[in-house]
Amino acid sequence: MDAAFIERVKRNVEYQRERKAPPEGFPSFPPIPGERYTASAFLALEDAYLWKRSWLYACHTDELPETGSWILWKKTGSPILIVRGKDGEVRAFYNTCRHRGGPLVKEASGTARGFVCGYHGWTYDLEGKLVNLRDRRDFVDLDLECHGLAEVRCERLGNWVFVNEDPKAEPLLEHLGPIPGQLAQFDLDTIRHVHSKSYDVACNVKVLLDAFLEVYHLKSIHKDTVDRFLDHRGTEIVLWPKGHSLMITPNRREGWVDPGTVGMPEFPSVTELPIRYNLSYNLYPNLVTPVAPSGMPFLVFWPNGVNAMRIECHWFAPDWGDGGPGPLWKTRIDNFERILYEDTQFAPQIQESVESPGFRGITLNYQERRIYHWHEELDRRIGGKRMPDALRVEPRLGEFVEHA
Ligand code: FES
Ligand SMILES: [Fe+2]
């Protein structure tokens, strides 16, 4: 993270604290149509043009500890097998036999020397190559070379593994723009996985994603927790191309340190920004990470139909060497879970509201502009021609997006 960016953030936080209105010329937002949270036709568009074509967080390399370690990952609806090969590389394939679609694996995770289809026994190696099949004499002109498992794009940001079902997607690191450079201070090649847990919530995935893109709600739903130490009125926001964004919220008191993290080892190369402020990144579309000097959670949001979703919470920490991540993590994770419950408490009722005739659209303000930015990107992904007029979000933020 470069010094100019750090200085600019410090200046802008002071500006945000003092301002009496949004900056001169900042637009008003048309309401975001409620049907975007309720219509199954809209869900189908999101499925085809967002979830099936985005770089999505899948796992940490600690979850694939040895040659042949694999995970069956179905978050986009497709069965995807993520596996560590003999060369140590992590690859992803459809869990779909090239004979007649039998599954190679059926459990959630495991370790294998290769994969044998349960249906008629076609055998693949860890790199997805078809290496053996029963009664080969009965196949006329079968080219084994052309019948390897279908590969899914799989790339890494340090130890974090992402997949993308779009074979033509731009490389992950290019897609993430300035984010990998900013996150480099967290030693991504040695960062470790501490813990994962998921939570089902009865609302559209965007009801909760929206909540994690703003801090306007701190004084209400986090009044006894986050609001006691963060000053939402000083929040600075950076909007980047492709829907990504960063929110920087200052601590109320200079020098304040989260008591829950005292005594935890920190990343040695961390800059002053995550020490002085709460930084929360959105890696578009569904990954939110509030980073801290001693580690961070990945909050990953997944749709499960129109009115149901799942949040995954994955924790990461500086490399602890041998042994475990240390006894302080349990309290840290429990404390965070309490905040997560505060965030989710109204979600089912909000979904009921959005589905009722009383809902006239979402009215956003200046400090909620990341939400509008997120929706603008969704419309770009779906494409103007496919988007029904009544569900469209008119672009407003173009000139406020930073091109590196
Ligand atoms: S479907 Fe896999 S061997 Fe027949
Ligand atoms: Fe919150």
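Residues numbered from 1 in each chain as written. Chains lettered and ligands numbered in written order. Predicted model: local features only at pLDDT ≥ 70, side-chain atom pairs only at ≥ 80, totals over all residues.

(A) Representation of the overall build of the chain. Along its length, the chain carries ten helices and 17 strands. Scaling as 2.2 N^0.38, a compact globule of 404 residues should have a C-alpha radius of gyration of about 22 Å, and the chain matches this with 23 Å. Principal-axis analysis of the C-alpha atoms places the extent of the chain at approximately 80 × 55 × 40 Å. Within the chain, the proportion of its 404 residues that are buried is 37%. Excluding contacts between residues fewer than 6 apart, the proportion of contacts in the chain whose partners are at least 24 apart in sequence is 64%. (Helix = DSSP H or I, 4+ residues; strand = E, 2+ residues; numbered from the N terminus. Rg over C-alpha atoms; globule rule 2.2 N^0.38 Å. Buried ≥ 20, exposed ≤ 12 C-beta atoms within 10 Å, placed from the backbone. Contact = placed C-beta atoms within 7 Å.)

(B) Fine view of the sheet that holds strand β8 (residues 130–132). Strand order in the open sheet formed by three strands is β6-β7-β8, with antiparallel pairing between adjacent strands. The open sheet is flanked by β6 (115–116) and β8, the only strands paired with a single partner. As paired strands, strand β7 (residues 123–124) and β8 are joined by two bridges and run antiparallel to one another. Residue pairing across strands places T123 opposite N132, the latter belonging to β8. (Pairing = 2+ DSSP bridges.)

(C) The domain arrangement of the chain, seen in detail. We note that the domain assignment places domain 1 (3–54 + 176–400) and domain 2 (56–164) within the chain. Put simply, the middle of domain 1 and the middle of domain 2, counted by C-alpha atoms, are 33 Å apart. Contacts between the two partners involve 17 residues from domain 1 and, on the opposite side, eleven residues from domain 2. Taken together, the residues that form the side of domain 1 that touches domain 2 break down as ten nonpolar, four polar and three charged. (Domains from an automatic or database assignment. Nonpolar A, V, L, I, M, F, W, Y, C, P; charged D, E, K, R; others polar.)

(D) Inspection of the sheet that holds strand β3 (residues 80–84) at higher detail. Pairing is antiparallel across the open sheet formed by seven strands, whose spatial order is β1-β10-β9-β4-β3-β2-β5. Each edge of the sheet is formed by a strand with only one pairing partner; in this case those strands are β1 (56–60) and β5 (109–111). Averaged over all pairs of adjacent strands, the angle between strand axes in this sheet comes to 25 degrees, irrespective of strand direction. In terms of strand pairing, β3 meets strand β4 (residues 90–94) through five bridges, oriented antiparallel. Among the inter-strand pairings, I80 is bridged to a residue of β4, identified as Y94. (Axes fitted to C-alpha atoms, helices over the stretch in contact; angles between N-to-C directions.)

(E) Broad picture of the nonpolar core. In this structure, A58, I82, F162, V163 and L208 are the most contacted members of the largest nonpolar core, which totals 94 residues. Looking at which domains feed residues into this core, each of domain 1 (3–54 + 176–400) and domain 2 (56–164) supplies at least three. For V163, the contacting residues outside a window of four places in its chain are L56, A58, I80, I82, A92, V152, R153 and C154. (Core = buried A, V, L, I, M, F, W, Y, C linked by C-beta atoms within 7 Å.)

(F) Molecular detail of the environment of N282. Positionally, N282 belongs in strand β14 (residues 277–283). With sequence-adjacent residues up to four places away left out, N282 is seen in contact with L213, H244, S245, V288 and R370.

(G) Fine view of helix α10 (residues 369–382). With 14 residues, α10 extends 20 Å between its outermost C-alpha atoms, agreeing within 8% with the 20 Å of an ideal straight helix rising 1.5 Å per residue. When you tally the buried positions in α10, you get ten out of 14 residues, the bulk of the element. Restricting attention to buried positions, one finds in α10 the residues R369, R370, I371, Y372, H373, W374, H375, E377, L378 and R381. On its buried face, α10 is in contact with α2 (40–49), α5 (205–211), β12 (236–239), β13 (245–250) and β14. Note on α10: the residue one or two positions beyond its end, G383, has a positive phi of about 95 degrees. (Expected span 1.5 Å × (residues − 1).)

(H) Geometry of the pairing of strand β2 (residues 69–73). Here β2 runs beside β5; their pairing, made up of three bridges, is antiparallel. Directly across from I71, in β5, lies its bridge partner S109. The hairpin turn running from β2 into β3, its antiparallel successor, is six residues long, and G77 in that turn takes a positive phi close to 100 degrees.

(I) View of the environment of K10. In this fold, K10 is placed in helix α1 (residues 3–18). Separated by 267 residues in the primary sequence, K10 and Y277 place their C-alpha atoms 9.4 Å from one another.

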